[in-house]
Amino acid sequence: MENLFGLPVATINARCAFLDIPAYRARQIAEWMYRKGAKSFAAMTNLPKRLRVDLDRSFSLARAKCVERWDSSDGKTSKFLLEFSDGVAVETVLMRQPYGNSVCISTQAGCAMGCAFCASTIHGAVRNLMAGEMLDEVLFVDEILRDEGEKVDTMVLMGSGEPMMNYDNVLAFLRLVHEPYCLNMGYRNIAVSTSGIVPGIERLAGEEIPVTLSISLHAPDEELRTLLMPINKKYGVREVVAAGRAYAEKTKRRVTYEYILIRGVNDGEKQARALAALLRGQIANVNLIPINPVVERNWARPTEEEIQKFCRALERLHIAATVRQEMGADIQAACGQLRNRHITRAQDALTNMPLRRIIR
C-alpha cells in the first residue's frame, strides 16, 4: 500500500487520478497531513466520506515512531530517535534558541564519509532518507512545539549523513517544506551542511533557492584534512573552498565554514594563520566547534582558553569567527551517539538471544 505522506500536491493528485477527484482535493489532503497533523484519512473532515473510505483502502499515512527521547537538564535541547517502518532509525534534535526553535535533521541513516571525529559514520551508511522521511523528522518536532503554542522556526540539515550524497531527495524535501500547504518555511531559514562534495555544492548554487551553505572544513591544509576527513582525497581543501567561494558569489549568501577544534590536532596558531589565508577575501564566517567527545573516538577538547585564543587569532587576521553555543552535551547530542547506542543494544540483544528463538 503506497504511503501518501511526504508527497507534493502534484504527485498526490497523480496518484489519486483513478479516484476521479477534483485537483483541489489533493491540496486538501496535503494540508491535512502537513499543516493539521492528520494521522488518518478519517480525520480529513472536509473530504467526502466516500472519498475518505476509498483513500483508506488505497493508501497509507505511515509515519515514524519515536523509540527514544532524551531531554537536556536545562530544558533547551531534546533529542529523538525516530524509527521508520523498515526498522531504520535516525536522530533528530530540537534546539530551543533565543532566536527561535531550530530542528537539526538527518538526511541519511548513518554516514559513509568516515570522518575521524564523528559518531555517525561508525556503523557506515544504511540508506538514504526519502523526502517524506526528512519531512517526518521536522513535523514530528513541529507537532510537539505546536502543543506548546510554538513552531519550528529554522532548520539545519546537519544530522547524520551527507546531504549531497542524497541530493535529489534533499532537494525534493527542501522544495516541499517551502510550500505554503506544508510548513511554508523560507529558504533563508534553512542551512545545508556538507563535508565538501564539490559537484553537490555546484548544483545547489544553480537551484536558485537561497539556503545557507555550511561546509565542514576542520583543517586548513590537505594532509591534516585528509587525516580528519577521508573525503579530502577526492575533493581537496582548496577545491572545496573554491566551490564555497563560487556559491557565495552566485547566491550572495554568506558561507559558513564549520571547524571542529581538537586539542593538539588542529587548534594551534599555525592552523589559525593557514585558515585565515585560505578564506581571505571570501564572503564567509568560521563557526568554531569545540569537539564533543565521542566514546568510540579518542579526541580531546581544547581548554576554554585555547578555544578563545584560536578565535582571537582569526579575528586579528580579519576572519569573522564565532564559537558555537554548546547545547545538549549532557544528552550526547552530537550526531550519531543515540543511534549508535540503539544499534549496540539491538546487537547485544541478538547476541544474547537463546538459540531456540532465532532458529525457525
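Residues numbered from 1 in each chain as written. Predicted model: local features only at pLDDT ≥ 70, side-chain atom pairs only at ≥ 80, totals over all residues. Heavy atoms only, no water.

Colleague: With reference to specific residues and values, describe empty space enclosed by the protein.
Modeller: Throughout the structure, instances matching the rule amount to one cavity of 30 Å³ or more. Within this model, the largest cavity holds a volume of roughly 30 Å³. Lining the largest cavity, in full, are Pro163, Met164, Tyr167, Val170, Leu171, Leu174, Val192 and Leu204. Residue contributions to the lining of the largest cavity peak at four residues, all from helix H5 (residues 167-178). Considering only residue class, the lining of the largest cavity consists of eight nonpolar, no polar and no charged. (1 Å grid on protein atoms, 1.4 Å probe; cavity = no way out; pocket = protein on both sides within 12 Å on 5 of 7 lines; lining within 4 Å. Points joined across faces, edges and corners; volume = space filled by probe spheres on them. Helix = DSSP H or I, 4+ residues; strand = E, 2+ residues; numbered from the N terminus. Nonpolar A, V, L, I, M, F, W, Y, C, P; charged D, E, K, R; others polar.)

Colleague: Describe helix H6 (residues 198-205), listing the residues and the values that go with them.
Modeller: Those residues of H6 that fall on the buried side of the exposure criterion are Val198, Gly200, Ile201, Leu204 and Ala205. Viewed along the axis of H6, the buried residues span an arc of 160°, placing them on a single side of the element. Where H6 is buried, its residues contact H5, strand E10 (190-194), strand E11 (212-216) and helix H8 (237-251). (Buried < 20%, exposed > 50% of the residue type's maximum accessible area, 1.4 Å probe, protein only. Arc of directions from axis to C-beta. Contact = heavy atoms within 4.5 Å.)

Colleague: Now, about the pairing of strand E13 (residues 284-290): what can you tell me, with residues and values included?
Modeller: Of all the seven residues making up E13, seven are buried; the element is thus mostly covered by neighbouring parts of the structure. The side-chain alternation of E13 yields two buried faces, one formed by Ala284, Val286, Leu288 and Pro290 and the other by Asn285, Asn287 and Ile289. Where strand E12 (residues 255-261) and E13 come together, seven bridges link them in parallel fashion. If you follow Tyr257 over to E13, its bridge partner there is Val286. The parallel pair E12 and E13 is bridged by helix H9 (residues 269-279), and the resulting crossover is right-handed. Where E13 lies against strand E14 (residues 321-323), three bridges are found, and the strand directions are parallel. (Pairing = 2+ DSSP bridges. Right-handed = clockwise from strand over helix to strand, strands pointing away.)

Colleague: I'd like to hear about the layout of surface pockets, residue by residue, with values.
Modeller: Volume-wise, the second largest pocket comes out at about 480 Å³. Residue lining of the second largest pocket: 24 residues in total, with Phe5, Gly6, Met130, Gly132 and Glu133 positioned closest to the centre. Going through the elements one at a time, strand E1 (2-3), helix H4 (131-147) and H5 are the ones with two or more residues in the lining of the second largest pocket. Each residue belonging to the lining of the second largest pocket can be placed in one class, and the counts come to 11 nonpolar, five polar and eight charged.

Colleague: Quick rundown of the sheet that holds E11? Include the residues and the values.
Modeller: Note on sheets: strands pair through backbone hydrogen bonds, and any given pair is parallel or antiparallel. Pairing in this open sheet of 10 strands is mixed, and the strands run E3-E4-E5-E6-E9-E10-E11-E12-E13-E14 from one edge to the other. Each edge of the open sheet carries a strand with a single partner, namely strand E3 (65-71) and E14. Taken pair by pair, the neighbouring strands of this sheet meet at an average axis angle of 20°, ignoring direction. Pairing of strand E9 (residues 154-157) with E10, which is carried by three bridges, proceeds in the parallel orientation. Note that in E10 the partner of Leu157 across the bridge is Val192. (Axes fitted to C-alpha atoms, helices over the stretch in contact; angles between N-to-C directions.)

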